[in-house]
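Fold and geometry: a report
Single-letter residue listing:
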Amino acid sequence: MDNACHMKPTLLVLAAGMGSRYGGLKQLDVFGPNGETMLDYAAYDAIRAGFGKVVYVVRKNFAEEIRAKVISRFEGRIQVELVNQELDVLPAGFSVPAGREKPWGTGHAIWVAREAIREPFAIVNADDFYGPSSYQAIADYLRGHEGEAGRYAAVGFILRNTLSRYGSCSRGICQLDDQGRMMHVVEHTRIEAQGRGALSYNGSGNPHPLTGDEITSMNMWGFDPSIFEHLDRQLREFLGRLEDPLKQECYIPFVVDRLIQEGRAVVQVLPSHEEWFGVTYSQDKQSAVEALRLRIEAGQYPRRLWS
């Protein structure tokens, strides 16, 4: 197929988080020298990589603020759509358990966008910086495998380059075959840096040592729309057998790993040499501001992103 015939992929940005550990809405916090947010840099990299649309998963109570303060700056340069992730947006027949306040997780966040996406798409977290070559790699993969249901991708980062100095993080650790395909991905919900390595704590609080060289997905996945059918099936099963109705979440690595084990998906891991960074804790902000300043000085980004 000629490149000109390809649909432009869509970028799905998971931006409904409440920033409880950060102490505020990270989606609106400023990191660039002219008021730029992480959402601005993601949109800029997406446009450069050839994405044709950005879909933002948001909460109703701050959707208009994000549109007015951030999206309005670049809305004319790329198609934009907002979808709401609320606790009560669930498959038919399910309702919110009494006392539940915690969001349903990344699997649910992607599921709520099912009506807005008909083309191959990548997902990213709103508060993470993945770097221009990561966006280019996943856009190229999506264009190259358009129409191939169940051929997915994940950008892989080196674990030690993704940890906060200020507290624990949740990471999906990948096991690959000799062709760089994902054999297994396990969500570690509490990883702490320790020197060049790390410690992962299980539900009982027991530490498991990690080298720091492990490949982690960082929620930069590439899917075709077939994922929505699988998500719907697995989300219904998840909601039907909740063991912890107040806190249990449906994580996208769990969904993908099960599809791999069932033989329903092949996931190519695209290695990234970018220095990933994110803002989990308020103390992470200064490091992120400095990292962007260095990239601007190196010519990767203009000082004013949307001039």
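Below you will find a few notes about this structure. Please read all numbers here as calculations on a predicted model, not as lab measurements.

Quick look at the overall build of the protein chain now. A count of helices and strands for the protein chain gives 7 helices and 14 strands. The globule rule puts the C-alpha radius of gyration for 307 residues at 19 Å, and the 19 Å found for the protein chain is close to it. Seen through its principal axes, the protein chain has C-alpha atoms that stretch 50 × 45 × 45 Å. Relative to its full complement of 307 residues, the protein chain shows a buried share of 54%. When contacts within the protein chain are restricted to residue pairs at least 6 apart in sequence, long-range pairs at least 24 apart make up 75% of them. Here the protein chain displays about 13800 Å² of accessible surface, and carbon together with sulfur accounts for 48% of that area. A distance of 3 Å separates the average location of the 34 positive side-chain charges in the protein chain from that of its 39 negative side-chain charges.

Along the chain, the position of glutamate 249 falls in the loop between helix H5 (226-240) and helix H6 (252-261). Among the residues examined, glutamate 249 registers a relative accessible area of 17% and is labelled buried. A polar side-chain atom of glutamate 249 sits 3.3 Å from a polar atom in the side chain of lysine 102. If we ignore the near neighbours within four places in the chain, the residues touching glutamate 249 are Arg100, Lys102, Pro103, Trp104, Gly105 and Phe238.

Our focus in this paragraph is the nonpolar core. Counting 52 residues, the largest nonpolar core has Val13, Phe51, Tyr56, Phe74 and Tyr135 as the members making the most contacts within it. Of the residues forming this core, the biggest block, 8 residues, is contributed by helix H1 (residues 38-49). Sequence-distant contacts of tyrosine 135, defined by excluding residues within four places in its chain, comprise Leu11, Ala42, Asp45, Ala46, Ala49, Phe51, Val124, Tyr130 and Met220. Listed in part, the 39 residues of the second largest apolar core include Val55, Val112, Phe228 and Phe238.

Turning our eyes to something else, we now look at the pairing of strand S2 (residues 53-58). Of all 6 residues making up S2, 6 are buried, and the element is well covered by its neighbours. Of the two faces of S2, the one carrying Lys53, Val55 and Val57 and the one carrying Val54, Tyr56 and Val58 are both buried. Sheet analysis places S2 next to strand S3 (residues 79-84), joined by 6 bridges and oriented parallel. From the neighbouring strand, valine 55 faces S3, where its bridge partner is glutamate 81. Between the parallel pair S2 and S3, the chain is carried across by helix H2 (residues 60-69), and the sense of this crossover is right-handed.

Moving on to helix H4 (residues 132-144). Taking 1.5 Å per residue, 13 residues should reach 18 Å; H4 reaches 18 Å between its end C-alpha atoms and fits that length. Every buried residue of H4 is accounted for by Ser134, Tyr135, Ile138, Ala139, Tyr141, Leu142 and Arg143. Those residues of H4 hidden inside the fold are in contact with strand S1 (10-14), H1, strand S4 (121-125), strand S6 (151-158), strand S12 (221-223) and strand S13 (266-271).

Before going further, it helps to spend a moment on the pairing of strand S9 (residues 197-201). Remember that side chains alternate between the two faces of the sheet whenever the strand is regular. Burial of S9 is extensive: 5 of the 5 residues sit out of reach of the surface. The alternating pattern of S9 places Gly197, Leu199 and Tyr201 on one face and Ala198 and Ser200 on the opposite face, and all of these are buried. Inspection of the sheet shows strand S8 (residues 182-194) paired to S9 by 4 bridges, in the antiparallel sense. Looking at the pairing, isoleucine 191 lines up with serine 200 of S9. Where S9 meets strand S10 (residues 207-210), 4 bridges bridge the pair, whose relative direction is antiparallel.

Next up on the list: the environment of isoleucine 252. Take isoleucine 252: it is sitting in helix H6. The exposure class assigned to isoleucine 252 is buried, which follows from its relative accessible area of 0%. Distance in space between the C-alpha atoms of isoleucine 252 and arginine 160 is 21 Å, their sequence separation being 92 residues. With near-sequence residues (within four places) excluded, isoleucine 252 lies in contact with Thr106, Gly107, Ile110, Asn219, Trp221, Phe223 and Leu231.

Rules used in this analysis
Residues numbered from 1 in each chain as written. Predicted model: local features only at pLDDT ≥ 70, side-chain atom pairs only at ≥ 80, totals over all residues. Heavy atoms only, no water. Helix = DSSP H or I, 4+ residues; strand = E, 2+ residues; numbered from the N terminus. Rg over C-alpha atoms; globule rule 2.2 N^0.38 Å. Buried < 20%, exposed > 50% of the residue type's maximum accessible area, 1.4 Å probe, protein only. Contact = heavy atoms within 4.5 Å. Areas by Shrake-Rupley, 256 points an atom, 1.4 Å probe, with all protein chains shown as cover. Lys, Arg positive; Asp, Glu negative; His and termini not counted. Charge placed at Lys NZ, Arg CZ, Asp CG, Glu CD. Polar contact = N/O pair within 3.5 Å; in protein donor to acceptor, adjacent residues only side chain to side chain. Core = buried A, V, L, I, M, F, W, Y, C linked by side-chain atoms within 4.5 Å. Pairing = 2+ DSSP bridges. Right-handed = clockwise from strand over helix to strand, strands pointing away. Expected span 1.5 Å × (residues − 1).

By themselves these figures say nothing about function.
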